Amino acid sequence: MSGTTAPLKRRAPVRPARVLLHVFLAGTALAWLAPLLWAVFSALRPYSETSGKGYVSWPDTLSFDNFTNAFEQSDMLHYFGNTLVIAIPAVLLTLFLSSCVAFYVSRFDFRLNLALLLVFTAGNLLPQQVVITPLYRLYLLTDLPGITASGKLYDSALGLVLIHVAFQSGFCAFVLSNYMRSLPHELTEAALVDGASVWRLYWQITLPLCKPAMAALATLLSIWIYNDFFWALVLISTGENMPVTSALNNLSGQYFTDPNLVAAGSLLTAIPTLAVYFALQRQFVSGLTLGSSKG
């Protein structure tokens, strides 16, 4: 009895263009990672060594002392708490309000449908520096006795939450409205025939189908709001109310600044954003690739 063997598959020849592509991608990735790797290298070395031998030198000592000192000297745990108080409500409010707007303009047809969406989106076209002066005066004139510790909208976490919601809602409404338009209208029509209310159409039918897009936006919003420094610098005057991005100022002295210590503090402040990205990585990637293929 004779057996048959499957023909051996020949490996496709390596094309020079493909080799150049991989070399280019590897070089680009290394160029993007170089500042981060250099910051890690500097943070692991004591300042006395780098000041004596220079930053471009072989290290004699590598330790995590700079990370410990940066965490303690900047009181980073307190500022992490301030950031959470600002970022979590801002992200949730932005997603809720923008999804409401997106649902209304995408699932209902009316004359000012497009104009309403353009109004929300136009806010993202205005630079923040243009509105900072009138906004600063408005925050000073808005009294909130008993609601904020300062008695005003200025110098409060509530003020930062509101400004983040105002500036981020337009982009989120635009993205979610485009995604909701791709959902089949038969779902909402069938629910309307069954007697479902508008709130039920939004909360129980449309919103669960938008989880990938919501997860992608939640990741972006968390990173953007967490890394914000401009609004906190202008709208917060009390040092204890500042978010974590301003905690690095506590590592800078009046006459001397340890750059290795600042590098360690910067890396510590980046940990929560990396944690958010890795936790929502699958949903983030799936949300970005929505609509990339058809059929």
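Since the structure is predicted, the reported quantities are computational estimates derived from the model, not experimental observations.

Rules of the game
- Residues numbered from 1 in each chain as written.
- Predicted model: local features only at pLDDT ≥ 70, side-chain atom pairs only at ≥ 80, totals over all residues.
- Heavy atoms only, no water.
- Helix = DSSP H or I, 4+ residues; strand = E, 2+ residues; numbered from the N terminus.
- Buried < 20%, exposed > 50% of the residue type's maximum accessible area, 1.4 Å probe, protein only.
- Contact = heavy atoms within 4.5 Å.
- pLDDT = per-residue confidence, 0-100.
- Salt bridge = Lys/Arg side-chain N within 4 Å of Asp/Glu carboxyl O.
- Core = buried A, V, L, I, M, F, W, Y, C linked by side-chain atoms within 4.5 Å.
- Expected span 1.5 Å × (residues − 1).
- Bend = angle between axes of the 7 residues up to and from the residue.
- Axes fitted to C-alpha atoms, helices over the stretch in contact; angles between N-to-C directions.
- Parallel < 35°, antiparallel > 145°, perpendicular 65-115°, else oblique.
- Nonpolar A, V, L, I, M, F, W, Y, C, P; charged D, E, K, R; others polar.
- Left-handed = near helix turned anticlockwise from the far one by under 90°.
- Polar contact = N/O pair within 3.5 Å; in protein donor to acceptor, adjacent residues only side chain to side chain.

Draft legend 1. Looking closely at the environment of Arg181. Looking at the element boundaries, Arg181 is found in helix H7 (residues 157–181). The class of Arg181 is partly exposed, set by a relative accessible area of 39%. For the pair Arg181 and Ala263, spaced 82 residues apart in sequence, the C-alpha separation works out to 45 Å. Setting aside residues no more than four positions away along its own chain, Arg181 makes contact with Val105, Ser106, Arg107, Asn113 and Leu117.

Draft legend 2. Here's a closer look at the confidence of the model for the protein. Model confidence for the protein is summarised by a mean pLDDT of 85, while 92% of its residues fall at 70 or above. Across residues 291–295 the pLDDT falls below 50, and counting only partners more than four positions away or on other chains, this stretch makes zero contacts in the model.

Draft legend 3. Just the environment of Ile132, in detail. For Ile132, the position within the fold is in helix H6 (residues 128–141). When its relative accessible area of 13% is taken as the criterion, Ile132 is described as buried. It is 9.9 Å that separates the C-alpha atoms of Ile132 and Phe230, two residues lying 98 residues apart in sequence. Apart from the residues within four sequence positions on either side, Ile132 is in contact with Phe230, Trp231 and Val234.

Draft legend 4. Representation of the pattern of salt bridges. Tallied over the full model, the rule gives three salt bridges. The salt bridge involving Glu49 is made with Arg45; its shortest N-O contact spans 2.8 Å. Each member of the pair, Glu49 as well as Arg45, carries the same accessibility label: buried. Between Lys53 and Asp60 there is a salt bridge, with the nearest N and O atoms lying 3.2 Å from each other.

Draft legend 5. Molecular detail of the nonpolar core. Counting 58 residues, the largest nonpolar core has Phe67, Leu95, Tyr139, Leu160, Ile163 and Trp231 as its most contacted members. Listed by contribution, the elements that provide at least two residues to this core are helix H3 (65–73), helix H4 (76–107), H6, H7, helix H9 (198–209), helix H10 (211–226), helix H11 (230–235) and helix H12 (259–279). Contacts of Ile163, omitting those with residues within four sequence positions, involve Leu135, Tyr139, Trp231 and Leu235.

Draft legend 6. Spatial organisation of the side chain of Thr269. Considering the arrangement of structural elements, one finds Thr269 in helix H12. Those residues within four positions of Thr269 in sequence are excluded, and the remaining contacts are Met76, Phe80, Tyr226, Val244 and Leu248.

Draft legend 7. Inspection of helix H1 (residues 16–43) at higher detail. Taking 1.5 Å per residue as the helical rise, H1 with its 28 residues ought to reach 40 Å, and the 40 Å between its terminal C-alpha atoms agrees with that figure. The principal kink in H1, of about 40°, is found at Leu33, preceding the proline Pro35 by one to four residues.

Draft legend 8. Just the packing of H4 against H9, in detail. Running from N to C, H4 and H9 cross one another at 105°; their axes reach a closest spacing of 11 Å. Classified by the interaxial angle, the pair formed by H4 and H9 is roughly perpendicular. Where H4 abuts H9, its residues Phe96, Ser99, Cys100 and Phe103 lie against Val198, Trp199, Leu201, Tyr202, Thr206 and Leu207. Split into classes, the residues belonging to the contact of H4 with H9 amount to eight nonpolar, two polar and no charged.

Draft legend 9. Quick peek at the packing of H4 against H10. Relative orientation of the contacting elements H4 and H10 amounts to 140°, with a least axis distance of 9 Å. Regarding the angle of H4 to H10, the classification is oblique. Crossing hand, H4 versus H10: right-handed. Only Met214, Leu217, Ala218, Leu221, Ser222, Ile225 and Tyr226 of H10 make contact with H4, whose side of the interface consists of Phe80, Thr83, Ala87, Ala90, Val91, Thr94, Leu95 and Ser99. Looking at the contact of H4 with H10 residue by residue, the classes come out as eleven nonpolar, four polar and no charged.

Draft legend 10. Local environment of the side chain of Ser98. The residue Ser98 is located in helix H4 in this model. Classification of Ser98 as buried rests on a relative accessible area of 1%. Engagement of the side chain of Ser98 in a polar contact is seen with the backbone oxygen of Thr94, the distance being 2.5 Å. Discounting residues that sit within four places of it in the chain, Ser98 has contacts with Ser169, Cys172, Ala173 and Leu176.

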